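# Tertiary structure, described
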Amino acid sequence: MEELLDPGLGQVRVFLMDDDNKPRKLRYNLGHRRLLTFGGAYSNHIRAVAEAGARHGIETIGVIRGEEHLPLNPWLARAAECGMTLTYLDRASYRRKDTEEVRARLRARWGADVAILPEGGSNAAAVRGCAELPGEIAGDYDVVCCPVGTGGTLAGIAAGLPEGKRALGFAVLKGAGFLEGEVARLQREAYGRTWSNWSVNLDYHFGGYAKSTPALAGFIAKHQVEGVYVAKMLYGILDLARRGAFAPGTRVVAVVTGQPSTPVAV
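Below: a short report on this structure. Just so it is clear, the structure is predicted and the values come from calculations on it, not from any experiment.

Conventions we followed
- Residues numbered from 1 in each chain as written.
- Predicted model: local features only at pLDDT ≥ 70, side-chain atom pairs only at ≥ 80, totals over all residues.
- Heavy atoms only, no water.
- Helix = DSSP H or I, 4+ residues; strand = E, 2+ residues; numbered from the N terminus.
- Buried < 20%, exposed > 50% of the residue type's maximum accessible area, 1.4 Å probe, protein only.
- Contact = heavy atoms within 4.5 Å.
- Areas by Shrake-Rupley, 256 points an atom, 1.4 Å probe, with all protein chains shown as cover.
- 1 Å grid on protein atoms, 1.4 Å probe; cavity = no way out; pocket = protein on both sides within 12 Å on 5 of 7 lines; lining within 4 Å.
- Points joined across faces, edges and corners; volume = space filled by probe spheres on them.
- Nonpolar A, V, L, I, M, F, W, Y, C, P; charged D, E, K, R; others polar.
- Pairing = 2+ DSSP bridges.
- Right-handed = clockwise from strand over helix to strand, strands pointing away.
- Axes fitted to C-alpha atoms, helices over the stretch in contact; angles between N-to-C directions.
- Parallel < 35°, antiparallel > 145°, perpendicular 65-115°, else oblique.
- Left-handed = near helix turned anticlockwise from the far one by under 90°.
- Core = buried A, V, L, I, M, F, W, Y, C linked by side-chain atoms within 4.5 Å.
- Phe/Tyr/Trp six-rings, centres within 6.5 Å; stacked < 30°, edge-to-face > 60°.

## With respect to the overall build of the protein
- If you tally the helices and strands in the protein, you get ten helices and ten strands.
- Expressed as lengths along the three principal axes of its C-alpha atoms, the size of the protein is roughly 55 × 40 × 30 Å.
- Out of the 266 residues in the protein, the part that is buried amounts to 53%.
- Considering only contacts within the protein whose residues lie at least 6 apart along the sequence, 71% involve residues at least 24 apart.
- In the structure as shown, the protein presents an accessible area of about 12200 Å², 50% of it carried by carbon and sulfur atoms.

## Topic: the layout of surface pockets
- Of the pockets and cavities examined, the largest pocket occupies roughly 1200 Å³.
- Along its surface, the largest pocket is lined by 45 residues, and Glu119, Gly120, Thr150, Tyr209 and Tyr229 are the ones closest to its centre.
- The set of elements that each furnish at least two residues to the lining of the largest pocket consists of helix H1 (21-27), helix H2 (44-56), strand E4 (59-65), helix H4 (91-95), strand E7 (143-148), helix H7 (152-160) and helix H8 (178-191).
- Top element by residues in the lining of the largest pocket is H8. It accounts for four residues.
- Along the lines of polarity and charge, the residues of the lining of the largest pocket split into 15 nonpolar, 18 polar and twelve charged.
- Of the volumes computed, that of the second largest pocket is approximately 170 Å³.
- Taken together, Glu2, Glu3, Leu4, Leu5, Leu16, Asp18, His223, Gln224, Val225, Leu234 and Val256 make up the full set of residues lining the second largest pocket.

## Overview of the pairing of strand E8 (residues 166-171)
- Counting buried residues in E8 gives five out of six residues, a clear majority hidden from the surface.
- Pairing analysis gives six bridges linking E7 to E8, with the strands arranged parallel. Across the sheet, residue Cys146 finds its bridge partner in E8, namely Gly169.
- With respect to chirality, the unit in which E7 leads through H7 into the neighbouring parallel E8 is right-handed.
- Two elements, E8 and strand E9 (residues 198-201), share four bridges in a ladder whose sense is parallel. The partner of Gly169 across the bridge, within E9, is Val200.
- Tracing the backbone out of E8, into H8 and back to the parallel element E9 gives a crossover that is right-handed.

## Quick notes on the packing of H2 against helix H3 (residues 74-81)
- Between H2 and H3, the shortest axis-to-axis distance is 8 Å and the interhelical angle comes to 15 degrees. Accordingly, the angle class assigned to the pair H2 and H3 is roughly parallel. The handedness of the crossing between H2 and H3 is left-handed. When H2 is examined against H3, the residues Asn44, Ile46, Arg47, Ala50 and Glu51 are found in contact with a partner set consisting of Trp75, Leu76, Arg78 and Ala79.

## Structural notes on the nonpolar core
- Counting residues in hydrophobic clusters, the biggest one holds 28 residues, and the most contacted among them are Ile137, Val144, Leu154, Ile157, Ala167 and Trp198.
- Among the secondary structure elements, those contributing two or more residues to this core are helix H6 (124-130), E7, H7, E8, H8, E9 and strand E10 (251-256).
- Dropping the residues within four chain positions of it, Leu154 is found in contact with Cys146, Val148, Ala167, Leu168, Gly169, Val183, Trp198, Ser199 and Val200.
- Membership of the second largest hydrophobic core comes to 26 residues, among which are Leu4, Phe170, Phe206 and Val252.

## Topic: the sheet that holds strand E2 (residues 13-18)
- Read from one edge of the open sheet, six strands run E1-E2-E10-E7-E8-E9, paired in mixed fashion. The two strands at the open ends of the sheet, each matched to only one other strand, are strand E1 (2-4) and E9. The mean inter-strand angle of the sheet, taken between neighbouring strand axes irrespective of direction, is 30 degrees.

## Some details on the packing of aromatic side chains
- Applying the stated rule across the entire model yields eight aromatic pairs.
- Centroid distance Tyr204 to Tyr235: 6.4 Å. Interplanar angle 50 degrees. Geometry classified as tilted. One end of the pair, Tyr204, is in the loop between E9 and helix H9 (214-223); the other, Tyr235, is in helix H10 (residues 230-242), and 31 residues separate them in sequence.
- Using a relative accessible area of 8% as the deciding quantity, one classes Tyr204 as buried.
- By relative accessible area, which is 23% here, Tyr235 ends up partly exposed.
- One aromatic cluster in this structure is built from Phe170, Tyr204, Phe206, Phe219 and Tyr235.

Right under this line is the structure:
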């Protein structure tokens, strides 16, 4: 792992762990003949599901928020190239995608046996995949940090931590207080219990999902990191270190997510 060097860290040490959470979330979700999932037009999750389907011989359907726009952008073009069938839901229906009414319509169209994977891929199977991450960390550490969109990665990391370690997630959404309940729900669904070794920081969303500010833009340019998820986490870690939120000598592992070309292994 590469160490992040910044004078603002003081005696706190931060190590960057490159790890794409998409394959981890999908690993235990691939035992189906037909898989349907949801995402926006620029969704890495949609692309990852399509690539996994092509690799493992699974029929995939991507339900995209909004209207179709041609030509397809690179994310959706890649998904289609992998054989994913793309269909679209108007934004009002998309907001109700988790209701039984909408799911019944989808099953009527795509078959009663279609497996429906939530947006972002966070479900009990995804949590079990992400729980394997701590076991792959080389060296000693105290805290594992990750960006949080839907909560599955944080739920899994916390569940897989050894005794005495803790996990800290950085929400990339504005008004994301619901994530605390969501992480706990995902842990209960996966393991029948919750852990108390994690927390979600809500202070570094920079205006909301995919939003930015001049300060964040400058940070991204300086450190050359992905801006929607990773930059917000790293900015938060550095700011908290400057504020003394980490004890001197704390060793932090920051999980750098979002390399969609990583193969999905089973």
